[in-house]
Amino acid sequence: MDIIVLQPETSEEDIRHILKKLESKGLKANVSQGTERTIIGVIGDTSKVTEDEEDAIRAMAGVENIVRILKPYKLASRDFKKENTEITVKGIVIGGKKIQVIAGPCAVENRTILTGIAEKVKESGAAFLRGGAYKPRTSPYSFQGLGLEGLKYLAEASEKTGLPVVTEIMDPRDIDGIVEYADIIQIGARNMQNFRLLLEVGSVNKPVLLKRGLSATIKEWLMSAEYIMSRGNHNVMLCERGIRTFETATRNTLDLSAVPLLKQLTHLPVVVDPSHGVGKRDLVAPMAKAAVAAGADALIIEVHTNPEEAFSDGEQSLRPDYFAKLMQELKAVAQAVGREI
Ligand code: PEP
Ligand code: MN
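Conventions and cut-offs
Residues numbered from 1 in each chain as written. Chains lettered and ligands numbered in written order. Predicted model: local features only at pLDDT ≥ 70, side-chain atom pairs only at ≥ 80, totals over all residues. Heavy atoms only, no water. Helix = DSSP H or I, 4+ residues; strand = E, 2+ residues; numbered from the N terminus. Buried < 20%, exposed > 50% of the residue type's maximum accessible area, 1.4 Å probe, protein only. Contact = heavy atoms within 4.5 Å. Areas by Shrake-Rupley, 256 points an atom, 1.4 Å probe, with all protein chains shown as cover. Lys, Arg positive; Asp, Glu negative; His and termini not counted. Charge placed at Lys NZ, Arg CZ, Asp CG, Glu CD. Near = heavy atom within 4 Å. Polar contact = N/O pair within 3.5 Å; in protein donor to acceptor, adjacent residues only side chain to side chain. Nonpolar A, V, L, I, M, F, W, Y, C, P; charged D, E, K, R; others polar. 1 Å grid on protein atoms, 1.4 Å probe; cavity = no way out; pocket = protein on both sides within 12 Å on 5 of 7 lines; lining within 4 Å. Points joined across faces, edges and corners; volume = space filled by probe spheres on them. Pairing = 2+ DSSP bridges. Axes fitted to C-alpha atoms, helices over the stretch in contact; angles between N-to-C directions. Salt bridge = Lys/Arg side-chain N within 4 Å of Asp/Glu carboxyl O. Domains from an automatic or database assignment.

Visitor: I tried to follow the overall build of the protein chain on my own but got confused; where do I start?
Guide: In terms of regular secondary structure, the protein chain is built from 11 helices and 14 strands. Taken over 341 residues, the protein chain has a buried fraction of 51%. Long-range contacts, defined as pairs at least 24 residues apart, comprise 68% of the intrachain contacts of the protein chain with a sequence gap of at least 6. For the protein chain, the exposed surface amounts to about 15600 Å²; the carbon and sulfur share of it is 50%. Between the averaged position of the 44 positive side-chain charges in the protein chain and that of its 46 negative side-chain charges there is a distance of 3 Å.

Right under this line is the structure:
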């Protein structure tokens, strides 16, 4: 809240009330009397004014409009930090020149399958292993994940391949296990606005991959990042994974315009998940390439050695040979936009 536009012919008394209100919030004001309109420029740290307080001022007599110049998210904004945030995990930098690829199955199914997939994606140049031990399934009757046992398999596969692990948290009660076994904590689309969960991961010393909610605006998404950062954890990366639109031909609509837009609005690294973005194996590679062209810092891609038998998301999972080919093809795209992969 930085500029208050007053209604024409607002009384001196109404103006005094507004100035008093600002003063009570520790803010100073600069009243500028134009020929048509009077405008109040608010001076001070207006980011401390909550949206509710702003609404209360908007409701005061004489106020026509309030314009915010500072964004409601502060720590996440480019205004707050000009240079890109680089997140280093076991020596691997996310948000630098090199584009990192996170690959693996949707869910951890068992030790052998997971290790098999991990070895394959490592061979092809992936930098991280993904896999869900706690799965957010639409149906309570679908496979819900192996839980703690799954986390242990992830840690074993990580040990074998050297790939750090990305896995999803769904419940604050699981945080200790996840912190122990994983290297990056994923917040899934369905939990993007689970504010208690966001605060929980904001209090631990592990990078967070924050997926965009199913129908979240960019602003809501950045506010969720702000929740995490407000607790002290500034290692947050934003992952575009498609939003829900009227279109049903694809699982979601991958909003690639979010990538360059986020690059303007925030210093945080941007990840793209073409797998959940489209939901169809054949469309994953083209969208992965487009994501790199659009400026993504990392990709997260579902890979399975036997997609037909996968417990979840087999339809969108790439076979290892296809993933290997995609990794090669991405090189030229990365180079064309001044990056490496
Ligand atoms: C996943 O990564 O397997 C997943 C469930 O993703 P999302 O939260 O984007 O649906
Ligand atoms: Mn999945």
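Here the narrative resumes.
Visitor: Before we go on, may I ask you to explain the environment of Glu-12 in this structure?
Guide: Mapped onto the elements of the fold, Glu-12 is located in helix H1 (residues 12-24). Among the residues examined, Glu-12 registers a relative accessible area of 54% and is labelled exposed.

Visitor: For this particular structure, what's the right way to read the site of ligand 1?
Guide: Inspection of the region around ligand 1 gives 13 residues, with Arg-130, Lys-135, Ala-189, Arg-190 and Arg-241 positioned closest. Here Gln-186 contributes a side-chain N or O atom positioned 3.0 Å from an oxygen atom of ligand 1. For ligand 1, whose free accessible area comes to 290 Å², the fraction covered by protein is 97%. Partitioned by chemical class, the residues of the shell around ligand 1 number 3 nonpolar, 3 polar and 7 charged.

Visitor: How should I be thinking about unusual backbone geometry in this particular structure?
Guide: A negative phi holds for most residues other than glycine; trans holds for most peptide bonds. At Glu-9, a position not held by glycine, the phi torsion is positive, near 60°. Position of Glu-9 relative to the elements: it lies in the loop between strand S1 (3-6) and H1. Residue Glu-9 is classed as exposed on the basis of its relative accessible area, which comes to 81%. The phi dihedral of Lys-90 is positive, around 45°, even though this residue is not glycine. Position of Lys-90 relative to the elements: it lies in the loop between strand S5 (87-89) and strand S6 (92-94).

Visitor: Help me understand empty space enclosed by the protein in this model?
Guide: Vacant regions in the atomic arrangement are exposed by a probe of water-molecule size rolled over the atoms. Counted according to the given criterion, the structure contains 1 cavity of 30 Å³ or more. Roughly 30 Å³ of internal volume is contained in the largest cavity. Along the walls of the largest cavity sit Arg-130, Gly-131, Gly-132, Lys-135, Val-166, Thr-167, Glu-168 and Gln-186, which together make up its complete lining. Here the lining of the largest cavity takes 3 residues from strand S9 (residues 165-169), the largest share from any one element. Taken together, the residues of the lining of the largest cavity break down into 1 nonpolar, 4 polar and 3 charged.

Visitor: Looking at this structure, I do not really get the sheet that holds strand S3 (residues 38-43). What am I missing?
Guide: By definition, the strands of a sheet pair up through backbone hydrogen bonds, in either a parallel or an antiparallel sense. The strand order across the open sheet built from 4 strands is S2-S3-S1-S4, with neighbouring strands paired in antiparallel fashion. Where the open sheet ends on each side, the last strands, each with one partner, are strand S2 (28-33) and strand S4 (63-67). Between one strand axis and the next, the sheet turns by 20° as a mean value, whatever way the strands run. Relative to S3, S1 is paired through 3 bridges, and the arrangement is antiparallel. Its bridge partner being in S3, Ile-4 is matched across the sheet by Ile-40. Strands in contact with H1 are S1, S2, S3 and S4; relative to S3, the strand with the most contacts, it is inclined by about 10°. Against the sheet, helix H2 (residues 51-58) makes contact with S1 and S4, and its axis sits at roughly 150° relative to S4, the strand it touches most.

Visitor: Is there a simple way to think about the pattern of salt bridges in this case?
Guide: Oppositely charged side chains can pair when the atoms bearing their charge come close. Under the counting rule described, the total for this entry stands at 22 salt bridges. With a closest N to O distance of 2.8 Å, Arg-37 and Glu-64 form a salt bridge. With a gap of 27 residues between them, Arg-37 in the loop between S2 and S3 and Glu-64 in strand S4 connect regions that are remote in the sequence. Taking relative accessible area as the criterion, Arg-37 reaches 31% and is therefore assigned partly exposed. The salt bridge involving Glu-240 is made with Arg-212; its shortest N-O contact spans 2.8 Å. In this pair, Glu-240 sits in strand S12 (residues 236-240) while Arg-212 sits in the loop between strand S11 (208-211) and helix H7 (218-230), placing the two residues 28 residues apart along the sequence. Residue class for Glu-240 comes out buried when judged on its relative accessible area of 0%.

Visitor: Could you clarify how one ought to interpret the sheet that holds strand S13 (residues 270-272) in this entry?
Guide: Read around the barrel, 8 strands follow the order S7-S8-S9-S10-S11-S12-S13-S14 and close on themselves; strand pairing throughout is parallel. Direction aside, the axes of adjacent strands within the sheet are offset by 30° on average. Pairing of S12 with S13, which is carried by 3 bridges, proceeds in the parallel orientation. Bridging across to S13, Glu-240 finds its partner in Val-272. Contacts from helix H4 (residues 148-161) reach strand S8 (128-130) and S9, with the element oriented near 165° to S9.

Visitor: I tried to follow the domain arrangement of the protein chain on my own but got confused; where do I start?
Guide: Accessible area lost on assembly of the parts is the figure often given for the size of an interface. Structurally, the protein chain comprises domain 1 (3-67) and domain 2 (87-336). On a C-alpha basis, the centres of domain 1 and domain 2 stand 44 Å from each other.

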